[in-house]
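# Survey of secondary and tertiary structure
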Amino acid sequence: MFGFSFAKLLLTAVVVLAVWYGFKLMSKEGESPAVGDSKKKTDANIRSDAEDLVECAVCGAYVAPATAKACGREGCPYAA
Ligand SMILES: [Zn+2]
């Protein structure tokens, strides 16, 4: 009548439920303490490896002082 059958509705319901339970399972895995700890360690590692960016007084670009290259403008403090 409306272009769909009971079988199609049932299949849709099964797919929706499968996705729902799959998502629930994945969420539970993400909340487990072991995974949470390794995530925190990874974040800390990334932070300790990161360099703080400093704004160039001349061009206004944010650069990492240790690896910065001159922007080419006159008076750039990072000109080598
Ligand atoms: Zn500059």
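Just so it is clear, the structure is predicted and the values come from calculations on it, not from any experiment.

Definitions and cut-offs
Residues numbered from 1 in each chain as written. Predicted model: local features only at pLDDT ≥ 70, side-chain atom pairs only at ≥ 80, totals over all residues. Heavy atoms only, no water. Helix = DSSP H or I, 4+ residues; strand = E, 2+ residues; numbered from the N terminus. Donors = N, O, S within 2.8 Å, 3.2 Å for Na, K, Ca; no water. Tetrahedral: all angles 85-135°; square planar, octahedral: opposite > 155°, others 65-115°. Buried < 20%, exposed > 50% of the residue type's maximum accessible area, 1.4 Å probe, protein only.

What follows deals with the overall build of the chain. Helix and strand content of the chain: 2 helices and 2 strands. The linear arrangement of helices and strands in the chain, starting from the amino end, is α-α-β-β.

It is worth spelling out the coordination of the zinc ion at this point. For the zinc ion, every protein donor is listed as Cys-56 (SG), Cys-59 (SG), Cys-71 (SG) and Cys-76 (SG), and the spread of their distances is 2.4 to 2.5 Å. Each of the 4 donor atoms bound to the zinc ion contributes to angles spanning 83 to 170°, and the resulting shape is square planar. If you list the donors of the zinc ion from N- to C-terminus, the spacing comes out as C-x2-C-x11-C-x4-C. With a gap of 15 residues between them, Cys-56 in the loop between strand S1 (54-55) and strand S2 (62-63) and Cys-71 in the segment after S2 connect regions that are remote in the sequence. Of the residues examined, Cys-56 reaches a relative accessible area of 2% and is grouped as buried. Its relative accessible area of 32% is what places Cys-71 among the partly exposed residues.

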